[in-house]
Structures are given as structure tokens and as C-alpha cells.
Amino acid sequence: AAVVEALELPANGRSRMSFQDIIFARPIVVPVPTDVHIALEEVDGTLSFEIYSQQGGEEILHSEGRVVVLSDALSSEIFNEDGPQLNLEALKAQCDTEISVQECYETFLRMGFTYGPAHKALVGISIARNPESDALVLGRLQLPESVSGTRAPYVLHPSLLDAALQAVAGVSANRNKSNGLWL
């Protein structure tokens, strides 16, 4: 919403945006009500953002990155005509390698991350190793049965969000096996 307002885009939800170079610098810890701020700066059609809070008069950066509004031509290659849904077939066509989800979770375990059944929503990982295409990771997600009854209050269930991040982290953790793929 902040991006739509800052760039004066139509509020109909039809604008296509690409979030790029996102850095999650520090988690937001909220033991008491906390104001969280979003700073936006537009430069040449790209919107840079910072998400920050203040603690004891000090500004704490939580995340930063860029947002690019996609042209209609690029947008039609990635999104379906019926709305803001990704064209998964077009993205899948770019992928040429599968990564074992079991190996991914074993790597996490060696790193000290233990995921219980509620947080194992990752069921497949595909990546593009084609040097002509941008780095691409597609995670196939499925809400675990153990939390299927908790779906209603969420637009995006926390288990699915976590699994999306696991897909990227799993590829990054296995980069030595993947001929140098870095995300």
C-alpha cells in the first residue's frame, strides 16, 4: 500500500511490481507496542525502501530493498491476464534443476535448525541454473496437515511464508553442491 501511494499507482490492485535486492537486516521484536516506519525514495522509476523502528532514540534498520513497477510487456510474460497471479508455467519452464527437500532439511539440521511438522511446508524446490536467466528459485509449498485447521485467520499462513524463505535458504546453504549458485 505504501508503494502504491508513493508512486500514485491505481489502487485497484492491478499494478505489477518486482521487489528486488531485499535485505532482512534485523527482525522486529515487539515486547511492547512499537512504531514501525517505512521510508521511501524514488529514483528513476525505482523506489528504494527501508523498514525501521526506533529504540532509545536510535534508528534500527530491519529491512531494505527496491521496488520496480513492471512494464505491461514484462508483466504479461510473468503474470496471467486474469489478475495478479504468477504464470507458474512460464516460471517452471525456466527451471532446469530439482533440489531434494529431504537434503535441504538435513542441511538445516546440520546448521542447528530443527523444523517440526508444522514448519515443513516445503515439498519441492526447482532452480534455474541457466546463465542467461536471472537466479530463480521456485518452492512448491503445501500447508502441513498439523496446522491445516489454523488457515482461516491468515491471508498467507506463517508456515507457508516460512517455507518460502526455507526454499531460498536451502538453495543458498547447498550452493557448494549447485555449481556456485548464489541468491
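Residues numbered from 1 in each chain as written. Predicted model: local features only at pLDDT ≥ 70, side-chain atom pairs only at ≥ 80, totals over all residues. Heavy atoms only, no water.

Participant: Quick question: what am I supposed to make of the pattern of salt bridges here?
Facilitator: Taken as a whole and judged by the stated rule, the model has 3 salt bridges. Residue Glu89 is joined to Lys92 by a salt bridge in which the shortest nitrogen-to-oxygen separation is 3.6 Å. On the criterion of helical spacing, the pair formed by Glu89 and Lys92 is a turn pair, its members being 3 residues apart in helix H3 (residues 88–94). A relative accessible area of 54% means that Glu89 is categorised as exposed. Here Glu98 ties to Arg140 by a salt bridge, and the two come within 2.8 Å at their closest N and O atoms. With a gap of 42 residues between them, Glu98 in strand S5 (residues 97–99) and Arg140 in strand S7 (residues 136–141) connect regions that are remote in the sequence. Owing to a relative accessible area of 51%, Glu98 belongs among the exposed residues under this scheme. (Salt bridge = Lys/Arg side-chain N within 4 Å of Asp/Glu carboxyl O. Helix = DSSP H or I, 4+ residues; strand = E, 2+ residues; numbered from the N terminus. Buried < 20%, exposed > 50% of the residue type's maximum accessible area, 1.4 Å probe, protein only.)

Participant: When you look at the sheet that holds strand S6 (residues 122–128) in this model, what are you seeing that I'm missing?
Facilitator: Adjacent strands of a sheet form backbone hydrogen bonds with each other and so pair up, either parallel or antiparallel. Taken together, the 3 strands give an open sheet; going across it, the order is S5-S6-S7, and neighbouring strands pair in antiparallel fashion. Edge positions in the open sheet fall to S5 and S7, since each of these has one partner strand only. Taking each pair of neighbouring strands and ignoring which way they run, the sheet shows an average axis angle of 25°. Here 6 bridges tie S6 to S7, and the two strands are oriented antiparallel to one another. Looking at S7, one finds that Ile125 is bridged to Gly139. Contacts between helix H4 (residues 101–110) and the sheet are confined to S5 and S6, with S6 contributing the most and set at about 100° to the helix. (Pairing = 2+ DSSP bridges. Axes fitted to C-alpha atoms, helices over the stretch in contact; angles between N-to-C directions. Contact = heavy atoms within 4.5 Å.)

Participant: Explain H4 here, please?
Facilitator: Along an α-helix, a turn takes 3.6 residues, which lines up residues three or four apart on a common side. Every buried residue of H4 is listed here: Val101, Cys104, Tyr105, Thr107 and Phe108. One side of H4 carries all its buried residues, which in axial view fall inside an arc of 155°. Turned more than 90 degrees away from the buried face of H4 sit Gln102, Leu109 and Arg110, all of them exposed. Where H4 begins, the side chain of Ser100 points an oxygen toward the backbone nitrogen of Gln102, at a separation of 3.3 Å. Gly112, located one to two residues past H4, shows a positive phi value of around 100°. (Arc of directions from axis to C-beta. Polar contact = N/O pair within 3.5 Å; in protein donor to acceptor, adjacent residues only side chain to side chain.)

Participant: Is there a simple way to explain a nonpolar patch on the surface in this structure?
Facilitator: Side chains of Phe19, Ile22, Phe24, Val155, Leu156, Leu161 and Leu165 sit close together on the surface and give an oily, nonpolar patch of about 770 Å² of accessible area. Put simply, the parts of the chain that give the nonpolar patch at least two residues each are strand S1 (17–24) and helix H5 (158–173). Tallying contributions element by element places S1 first for the nonpolar patch, with 3 residues. Tracing the chain through its elements places Ile22 in strand S1. (Patch = residues over 30% accessible without salt bridge, like charges linked within 9 Å, V, L, I, M, F, W, Y side chains within 5 Å. Areas by Shrake-Rupley, 256 points an atom, 1.4 Å probe, with all protein chains shown as cover.)

Participant: What is the right way to look at the environment of Pro144 in this model?
Facilitator: Its location among the elements puts Pro144 in the loop between S7 and H5. Spatially, the C-alpha atoms of Pro144 and Ala118 are 5.8 Å apart, while their sequence positions differ by 26 residues. Not counting residues within four places of it along the chain, the set of residues in contact with Pro144 comprises Pro117, Ala118, Lys120, Ala121 and Ser159.

Participant: I keep staring at the environment of Ala167 and nothing clicks. Help me out?
Facilitator: Mapped onto the fold, Ala167 is located in helix H5. Here Ala167 falls in the buried class, since its relative accessible area comes to 3%. In contact with Ala167, not counting residues within four places along its chain, are Leu122, Ile125, Val137 and Gly139.

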